[in-house]
Structures are given as structure tokens and as C-alpha cells.
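Structural overview for review
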Amino acid sequence: MHSERTGRSHEEIIREALQRELESVSYPPAEPLWARIRAGLDRDKKERAVPLTRSLSWRRLAGAAALILLFAGGGLALSRSGLLTPQRLSYEENAELDCVDGKISEVPSTANAEAVTPPLTLPGGFALDKEGAQEFFQAGNDYAAAVYRRGDEKLIWICDCSPSPDLREFVDRISRKIGVSAETIEDTSVNICRDGMLEFTAGGRPGIAWLDQDGAQAFLILHGSPDLDLRSLISGP
Amino acid sequence: MERERVAQLVRQNDDASRRELFEIFYRRTYAAVFAILRHRESAEDITQDAFIKAFQNITRLREKEKFGPWLAAIATNLARNHLKREKRLYYSGNPVEPEAGSAQITPSSTEEQVIREEEIARVRAALRTLPPEQYQVVIMQYFYDLKLAEIARLLKISPGTAKSRLFRARVRLSRVLEPKEDLICQTDEGGGVD
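**Considerations on helix H5 (residues 111-127) of chain B**
For H5(B), which comprises 17 residues, the first-to-last C-alpha distance of 24 Å matches the rise-based estimate of 24 Å (1.5 Å per residue) to within 8%. Taken together, the buried positions of H5(B) are occupied by Glu117(B), Glu119(B), Ile120(B), Ala121(B), Val123(B), Arg124(B), Ala125(B), Ala126(B) and Leu127(B).

Here is the structure:
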């Protein structure tokens, strides 16, 4: 008799309980909240109107450059690292991305009206690896990535620019999709959460991830010095 | 009807339609955020940020009629991130007693109604103890009537993760509906209690 109850009846009770729980909330007055939202939107509009100030655009452009590296130009170097497999760069789990048949769409850089020149260098002497990047790719609307080089060292910067991504899931996703091969997923570990940042290893490779107004972002060492202080790269050039 | 209107407003995407979308969704969005944070000021701030992010990215939304669940996903993700940043844990994992008077029992209630009201009060108390990631999925499933695949897509998690979070939440919520039965089971397995 109990088992009869425990299916549908529980579902109904849970639904009703949740409904009442959410309806019991006393709401703040709408007008002040709307005024704050409008102010936030206006502020954002003004910021966007100022050219060459937003980093998101260069990041997207840089991401485009990186992806062509992953697909074409950087294929040899990346395959030597044993970590990157370009065919894994599909985002089938993210239907919100502008992907065609689960594959990254290719968009000329000129399609991005906000595009500005990306910084060529990062602190520490890392330079954007432009090798082979004659065209530009965009990973849907939400993803961007760039590969930087310093001598034989390489690191990848990845950004999920979608609204409010979850940082841990982002780390897990990039580890699965970009950073490591499927066999080493289990090795991915998020170690420390300090200053709102996540330090992680993906297949033994150190990485750091953080959230800011542009979304979830991460640096991951492809190959080179594992002692590199990734935090020092975040402040920007 | 509301779905069509919402889709139309999302397509228009001007000041007036954004205002109307706010009117339609701010209560349920705030309620979902408050359910996770249980803090008024933070819930207001997060609701505000969620609307701003949603309006900034509104052109990316493909299924225009899904603005509400999409906004809820943004808002509840922001709420969870806020908790992580603040390193706040409101979830204790311990059973919570329903608040006195939370069951809506009137003098004319039948015995069945009384039992149901008490059960609802217990589930409401248990809802408040859910970890944020489970509460988020419960809200998407039971409040927004989304299917698992839709929940997974909106939250950018795998369907398996969505399923397991929902399963764990259901187990937790159902447990408070069968407290005596649980005790009997433990007694049987454990060979009796003193």
C-alpha cells in the first residue's frame, strides 16, 4: 500500500510543497528593482560604446585564432603534447551554442562587430601564437580560446562567456572537451578554492579558473613548465 | 498564451517589452533565488544581476518562449556561485522541523486533509535543507515543468548529472514522508532497537 503512495502521491506533494514554498516568499517592491536593472543595462550600454576597452572582444578574436590553431595550424605541436585532440572540440552538450550539428561554426573575424586587436603578449613574456591563423573561428557565441607561447612553453586560455556559467562544471567540461583525453578524465581534480579561484589539474596539467564579468575563464598549461605561476597572467598586460 | 506573449516580447527586445518581461518573471525568479540563498538582500542583488545578464544576452536565446526557465537557470547559477564565493553553507543536512503553523489546517479539515497538510509542511521544511545544486534542479523540474534533457541543456550539465541530482533530492524529500516506515526498516535490518 505504501508503494502505491510512494510514486505519484509523493510527486504531487513535492510539487505542491515547492509551489507553496516559493509563493510564500515576500517579494521586494518591483519599481526600485526595475530601476536598478535599467541602470545596470544603461551602464553596460555606455561601456560597450567605448571602443577598445572591453577585453571580451579580443578574447573572442583570440579564441578564433586559437581554434584555427587547434584545427589546422597548431595541429602538429598540439598532437605532440598528447593532450589535445581537435575532434573533441564539439559542444554537443551545449545546445545554446550556435553550433551546427554539434560542430563549431566557423565565422570570419569580420563578423564580430566588436572585434578589437587582441593583446599580443601576456605578463611573463607569453605571446599569442598566431602561427597558421589566417582565418578566424568562433566557438558558438559563448566559447573563446587562445593559445600563447613562450619559447617551448604553451598555455591555453579558455572562456565560457555565456551568462552565469558554473565554475566547477566549466572546469570539468573543458577538461573533458579540450584539456585531456577521455582516458584521463578521472585524473581531473579541483584542488583548492582560494580567492574565489579554482586551482585544478587536468591529466596532470596545472590550471587555474575564475569567474568575472565576462564569464568563466581558465588558463591551462599545455606543455612547458608546470611551475609557471598562472595567477600572474590574470592581471593582464 | 503566456508562452506566445513571452516569445513576442523577447523578439521585440525593446525597453517596453523588457519591462513587461520583468513584470511577468521577477516574482518567480526572485522566489527561486531566495529559495537557494534564504537572504533577502542577496536575493535582490542576484535577481537584478540575472535580469541584466539575460537582457544582455537575449539575442542568444533560440527558443524565445523559454525565457522564463532560461532566466531561472541564469539566476539560480548566479545564486549558487554567490554561495560559493561567500563560502556560506545554509544547508545543514539535518532534518528540519516544519515551522509551527506552516501546515494550513482549518477546523473543518478532514483527517485526510490534515495528514496531507502535515506532509506538505514536512516537505517544505526538507526543501530548505537541500543542497543548492539539488534545489536548483528541483525548481526547474517541479516549478518550471521542464524535462530532464531541457534542465541539463539549460544548466549546461550532462543529463546524467541532472538525473542524479534530481534522484538524490527526491530520495531526501520522500524520506520525510515515510519516517515511521524508515524506522521499521532500520529495526528489521538491525535486528531490533533497544
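From this point on, the discussion continues.
**Brief notes about the nonpolar core**
Judged by nonpolar contacts, the single largest core of 69 residues is most densely connected at Leu18(A), Ile37(A), Leu21(B), Phe55(B), Phe67(B), Leu127(B) and Met140(B). With residues near it in sequence (within four places) discarded, Leu18(A) still touches Leu127(B), Tyr135(B), Val138(B), Ile139(B), Tyr142(B) and Phe143(B). Counting 16 residues, the second-largest nonpolar core is a separate cluster that includes Phe126(A), Ala146(A), Leu155(A) and Ile221(A).

**Structural notes on the packing of aromatic side chains**
Enumeration according to the criterion identifies 13 aromatic pairs over all chains in this entry. Ring centres of Trp34(A) and Phe55(B) lie 6.4 Å apart, and the angle between their planes is 90 degrees; this geometry places the pair in the edge-to-face category. Here Trp34(A), found in helix H3 (residues 30-49), pairs with Phe55(B), found in helix H3 (residues 40-56), and the two come from separate chains. Overall, Phe55(B) belongs to the buried group, its relative accessible area being 5%.

**Some remarks on the pattern of salt bridges**
All names here are of chain B. Following the criterion strictly, the structure yields 18 salt bridges over all chains and no others. Of the charged contacts, one joins Arg153 and Glu63 as a salt bridge, the two residues approaching to 2.5 Å between their closest N and O atoms. With a gap of 90 residues between them, Arg153 in helix H7 (residues 148-155) and Glu63 in the loop between H3 and helix H4 (67-86) connect regions that are remote in the sequence. Residue Arg153 is classed as partly exposed on the basis of its relative accessible area, which comes to 27%.

Quick notes on the rules
Residues numbered from 1 in each chain as written. Chains lettered and ligands numbered in written order. Predicted model: local features only at pLDDT ≥ 70, side-chain atom pairs only at ≥ 80, totals over all residues. Heavy atoms only, no water. Helix = DSSP H or I, 4+ residues; strand = E, 2+ residues; numbered from the N terminus. Expected span 1.5 Å × (residues − 1). Buried < 20%, exposed > 50% of the residue type's maximum accessible area, 1.4 Å probe, protein only. Core = buried A, V, L, I, M, F, W, Y, C linked by side-chain atoms within 4.5 Å. Contact = heavy atoms within 4.5 Å. Phe/Tyr/Trp six-rings, centres within 6.5 Å; stacked < 30°, edge-to-face > 60°. Salt bridge = Lys/Arg side-chain N within 4 Å of Asp/Glu carboxyl O.

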